[in-house]
Amino acid sequence: AVVSTQSTGMDLEFNALFTTTALISYPDYVFLRSVLLRPDDLSVQSFQMLDLNLDGQVTPDEYYDLYKMFTKNDETSDPSVHLKTTLRVLLFDRDDSGSIDLEKFGNLLRDVQTNCLQAEFNRFRSKDSEDDRISVQGFMRAVLRRTKVTPIQRARFIDKSEVYKAIDEVSFDQFKSMIALINNFSDFEVAVRMYQIAKKPLSKAVFKRAAYVCSGEVLDDTIIDLLFFVFDEAGDGHLSHSEFVNVMRKMETSVSSAQKAKDDPGSIGLGSYFRKCIRNEMIKLYA
């Protein structure tokens, strides 16, 4: 298979992974799913695991060891006989003559994560919205789809967001900051644990500070106001542990399930997601 692009190697635009001609294998998919939730934290560890001889460069042969974990074809250790996916071309050039260092590796992961978030963001953007904005209801749907709340709970939260009038739309930067909080929510829970022990609710100031400490992102005040409006069941202007943290813990469990690939790369969840993607693409191709 050949990747349809005019450039080669690291000169390729990273968003080539998101074109209609991009090609990705199951090992690529599992690898990206394992590290994209927190690329800033996991890029160094992932790079060091791939860099077998610890020379600061990952070569095609070293990356091929990842493939061997997911394929039964171990007749040869020559990676050149295997599929040249878009990710592999980005990393090592079309002829496998290149290598990648930690800086480029980290940049790639961060850029892919941004593209993934942008693609998800666009799914909730209405036709009459600006390019970088979605409705408040779309934002809440994007957030709640990461939870395991019941359909009744989800509908109630969406209904509350529909009557919120302080803002009409949410920007991509605001959305991205919220996802950073979700992906680092276990750290957030640790940061606010003293309030749970003391049975004290979270104020907006404490919430904002804890979100920054755990994610490095400064949540916009308008987003914090929205979250408090939607999740404050008591209507007292604060968030209790049961009102927000328990819901978000379910969110953390749902999001973190992707990381099962590290311990169980052949997990049913990841495999079923990948097969579903292939099926959908084939339907579009042959419809």
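Please refer to the structure placed before this passage.
Cut-offs applied
- Residues numbered from 1 in each chain as written.
- Predicted model: local features only at pLDDT ≥ 70, side-chain atom pairs only at ≥ 80, totals over all residues.
- Heavy atoms only, no water.
- Helix = DSSP H or I, 4+ residues; strand = E, 2+ residues; numbered from the N terminus.
- Buried < 20%, exposed > 50% of the residue type's maximum accessible area, 1.4 Å probe, protein only.
- Contact = heavy atoms within 4.5 Å.
- Areas by Shrake-Rupley, 256 points an atom, 1.4 Å probe, with all protein chains shown as cover.
- Core = buried A, V, L, I, M, F, W, Y, C linked by side-chain atoms within 4.5 Å.
- Axes fitted to C-alpha atoms, helices over the stretch in contact; angles between N-to-C directions.
- Parallel < 35°, antiparallel > 145°, perpendicular 65-115°, else oblique.
- Left-handed = near helix turned anticlockwise from the far one by under 90°.
- Nonpolar A, V, L, I, M, F, W, Y, C, P; charged D, E, K, R; others polar.
- Patch = residues over 30% accessible without salt bridge, like charges linked within 9 Å, V, L, I, M, F, W, Y side chains within 5 Å.
- Salt bridge = Lys/Arg side-chain N within 4 Å of Asp/Glu carboxyl O.
- Phe/Tyr/Trp six-rings, centres within 6.5 Å; stacked < 30°, edge-to-face > 60°.

Caption draft 1: How the structure looks around the overall build of the protein chain. Broken down by element type, the protein chain carries 15 helices and two strands. By residue count, 43% of the 287 residues in the protein chain fall in the buried class. Excluding contacts between residues fewer than 6 apart, the proportion of contacts in the protein chain whose partners are at least 24 apart in sequence is 69%. Carbon together with sulfur atoms contributes 52% to the accessible area of the protein chain, which is approximately 15400 Å² in total.

Caption draft 2: Inspection of unusual backbone geometry at higher detail. Here the phi dihedral of Leu54 falls at roughly 55°; this positive angle occurs in a residue that is not glycine. In this structure, Leu54 sits in the loop between α2 (39-50) and α3 (60-68). For Lys199, which is not glycine, the phi torsion reads 55° and is therefore positive. Along the polypeptide, Lys199 turns up in the loop between α10 (193-197) and α11 (204-215).

Caption draft 3: Here's a closer look at the nonpolar core. Phe139, Phe188, Phe207 and Phe231 are the most contacted members of the largest nonpolar core, which totals 44 residues. Take this core: its biggest share by element is seven residues, from helix α12 (residues 221-231). Grouped together as the second largest cluster of nonpolar side chains are 21 residues, Phe31, Leu32, Tyr64 and Val112 included.

Caption draft 4: Summary view of the packing of helix α6 (residues 136-144) against helix α7 (residues 151-162). The geometry of α6 relative to α7 is characterised by a closest axis approach of 9 Å and an angle of 155° between their N-to-C directions. Comparing the axis directions of α6 and α7 gives the class roughly antiparallel. Handedness of the crossing formed by α6 with α7: right-handed. Along the contact surface, α6 presents Val136, Gln137, Met140, Arg141 and Leu144, while α7 presents Arg154, Phe157, Ile158, Ser161 and Glu162. Residues that form the contact of α6 with α7 fall into these classes: five nonpolar, two polar and three charged.

Caption draft 5: Up close: a nonpolar patch on the surface. A cluster of nonpolar residues, Tyr212, Val213 and Val218, forms a patch on the protein surface that exposes about 320 Å² of accessible area. If you trace the backbone, Tyr212 turns up in helix α11. Of the residues examined, Tyr212 reaches a relative accessible area of 46% and is grouped as partly exposed.

Caption draft 6: Summary view of the pattern of salt bridges. Across all of its chains, the model carries four salt bridges by this definition. Across the pair Arg156 and Glu233 runs a salt bridge whose closest N-O atoms are separated by 3.1 Å. Linking Arg156 in helix α7 with Glu233 in the loop between α12 and α13 (241-256), this pair joins segments that are 77 residues apart in sequence. The partner of Lys204 in a salt bridge is Asp225, and the shortest N-O contact between them spans 2.9 Å. With Lys204 in helix α11 and Asp225 in helix α12, the pair connects residues that are 21 residues apart, well separated along the chain.

Caption draft 7: The environment of Phe231, seen in detail. Structurally, the position occupied by Phe231 is in helix α12. For Phe231, the contacting residues outside a window of four places in its chain are Met140, Leu144, Phe157, Leu239, Glu243, Phe244 and Val247.

Caption draft 8: Structural context of the packing of aromatic side chains. Counted according to the given criterion, the structure contains ten aromatic pairs. Judged by centre distance (4.9 Å) and plane angle (55°), the rings of Phe157 and Phe231 are tilted. Of this pair, Phe157 sits in helix α7 while Phe231 is found in helix α12, placing the two residues 74 residues apart along the sequence. Residue Phe157 shares its accessibility class with Phe231, and that shared class is buried. Residues Phe207 and Phe228 carry aromatic rings whose centres are separated by 5.6 Å and whose planes lie at 80° to one another, so their mutual orientation is edge-to-face. Placement of Phe207 in helix α11 and of Phe228 in helix α12 is noted, with a sequence separation of 21 residues between them.

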